[in-house]
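Commentary on secondary and tertiary structure
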Amino acid sequence: FDAAPDGTLYLDQVRRPLEIMRFTVAGGTPEVLASSESYQNEGTPPVELADGRVLVPSQLAGHSRLLAGKPHGDFVPLVETREDTMLPASRVGEDQVAFMIGSGSAQTIALASAGNGRILRRLKGAAGVPVNFLAASQDGKTIYYVSSGAVWAIPATDGTPRKIHAGDGLAVDPNGREIVVSLNE
């Protein structure tokens, strides 16, 4: 928005839908897996489930919802609930997914069956903290999350979170023994 000396107003509109794309390491034309006109948590990594579905953040009836679907197919809510469900999210093993559920002080990390969308448990140890990133250990026993400039670990069965290191992001090394922490300083 800007105004010229003669009073003319100049306006611009930007429409930036979310697109989740996949491309091979060798390069080539990327494949658009999913897109969403309304979303939250821009910059949060997308999640592809073991069966090839991807999770897409969306707004439905004024609530944040994680939708799951195959590329070029229909997308449906990951879990059936009246609560907000949102990114960040992460695969946990081959058959579970961790994601954020709820709002305010009741917001926490939940684990659900990737196959049928049934909520298996909520991690009370992580309730009420702002979570910016989620990842899971290769064996699915530990959930890592980033909150308030630190990387935390919590058992996937729930418990007391343990601070690992200062950090703003993380990746689990495929060797299953290490995590890579990014720190913006």
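Above this text is the structure in question.
Residues numbered from 1 in each chain as written. Predicted model: local features only at pLDDT ≥ 70, side-chain atom pairs only at ≥ 80, totals over all residues. Heavy atoms only, no water.

1. Digging into the overall build of the protein
- Across its full length, the protein carries zero helices and 18 strands.
- Looking at the protein as a whole, 37% of its 185 residues are labelled buried.
- For the protein, long-range pairs separated by at least 24 residues make up 26% of all intrachain contacts whose partners lie at least 6 apart in sequence.
- A total accessible area of about 10800 Å² is found for the protein, and carbon and sulfur atoms account for 50% of it.
- Between the averaged position of the 16 positive side-chain charges in the protein and that of its 21 negative side-chain charges there is a distance of 10 Å. (Helix = DSSP H or I, 4+ residues; strand = E, 2+ residues; numbered from the N terminus. Buried < 20%, exposed > 50% of the residue type's maximum accessible area, 1.4 Å probe, protein only. Contact = heavy atoms within 4.5 Å. Areas by Shrake-Rupley, 256 points an atom, 1.4 Å probe, with all protein chains shown as cover. Lys, Arg positive; Asp, Glu negative; His and termini not counted. Charge placed at Lys NZ, Arg CZ, Asp CG, Glu CD.)

2. A few points about the sheet that holds strand 16 (residues 162–166)
- The four strands lie next to each other as 13-14-15-16, forming an open sheet whose pairing is antiparallel. The open sheet terminates on both sides in strands that have one partner only, identified here as strand 13 (133–136) and strand 16. Sheet twist, expressed as the mean angle between neighbouring strand axes with direction ignored, is 25°.
- The pairing of strand 15 (residues 150–155) with strand 16 spans four bridges and is antiparallel. When the bridges of strand 16 are listed, Ala153 appears paired with Arg162. (Pairing = 2+ DSSP bridges. Axes fitted to C-alpha atoms, helices over the stretch in contact; angles between N-to-C directions.)

3. Points about the pairing of strand 15
- Both strand 14 (residues 142–147) and strand 15 contribute to a ladder of six bridges, which runs antiparallel. Bridging from a neighbouring strand, Thr142 pairs with Pro155 of strand 15.
- The antiparallel hairpin formed by strand 15 and strand 16 contains six residues in its connecting segment, where Asp158 sits at a positive phi of about 100°.

4. Some remarks on the pairing of strand 18 (residues 179–182)
- Relative to strand 18, strand 17 (residues 169–172) runs antiparallel, the two sharing four bridges. Paired with Val172 across the two strands is Ile179, which belongs to strand 18.
- Counting the residues that bridge the hairpin from strand 17 to strand 18 gives six residues, and of these Gly176 lies at a positive phi of roughly 80°.

5. Re the sheet that holds strand 11 (residues 108–113)
- As summarised here, the arrangement of the four strands in space is 9-10-11-12, forming an open sheet in which the pairing is antiparallel. Each having just a single partner strand, strand 9 (85–92) and strand 12 (119–123) make up the two edges of the open sheet. The sheet shows a mean angle of 25° between the axes of neighbouring strands, direction not considered.
- With four bridges joining them, strand 11 and strand 12 adopt antiparallel strand pairing. Looking at the pairing, Ala112 lines up with Ile119 of strand 12.

6. Quick look at the packing of aromatic side chains
- Tallying each qualifying case throughout the model produces one aromatic pair.
- Consider the rings of Tyr145 and Trp152, whose centres lie 6.5 Å apart with planes at 15°: the pair is stacked. (Phe/Tyr/Trp six-rings, centres within 6.5 Å; stacked < 30°, edge-to-face > 60°.)

7. Observations concerning the side chain of Ser113
- Relative to the helices and strands, Ser113 is located in strand 11.
- Given a relative accessible area of 14%, Ser113 falls into the buried group.
- Discounting chain neighbours no more than four positions away, the residues touching Ser113 are Asp95, Arg118 and Leu120.

8. Quick notes on the environment of Ala98
- By the secondary structure assignment, Ala98 is in strand 10 (residues 96–101).
- Taking relative accessible area as the criterion, Ala98 reaches 1% and is therefore assigned buried.
- For Ala98 and Leu87, which are 11 residues apart along the polypeptide, the C-alpha to C-alpha distance reads 9.3 Å.
- Apart from the residues within four sequence positions on either side, Ala98 is in contact with Pro88, Ala89, Ser90, Val92, Ile109, Ala110, Leu111, Leu134 and Ile143.

9. Here's the deal with the side chain of Asp84
- Along the chain, Asp84 falls in the loop between strand 8 (75–77) and strand 9.
- In this structure Asp84 is buried but unpaired, with Arg65 as the nearest side chain of opposite charge at 4.0 Å.
- Within the local environment of Asp84, its side chain forms a polar contact with the backbone nitrogen of Ser64, the two atoms lying 3.3 Å apart. (Salt bridge = Lys/Arg side-chain N within 4 Å of Asp/Glu carboxyl O. Polar contact = N/O pair within 3.5 Å; in protein donor to acceptor, adjacent residues only side chain to side chain.)

Everything listed here is a matter of coordinates, which is why it stays silent on function.
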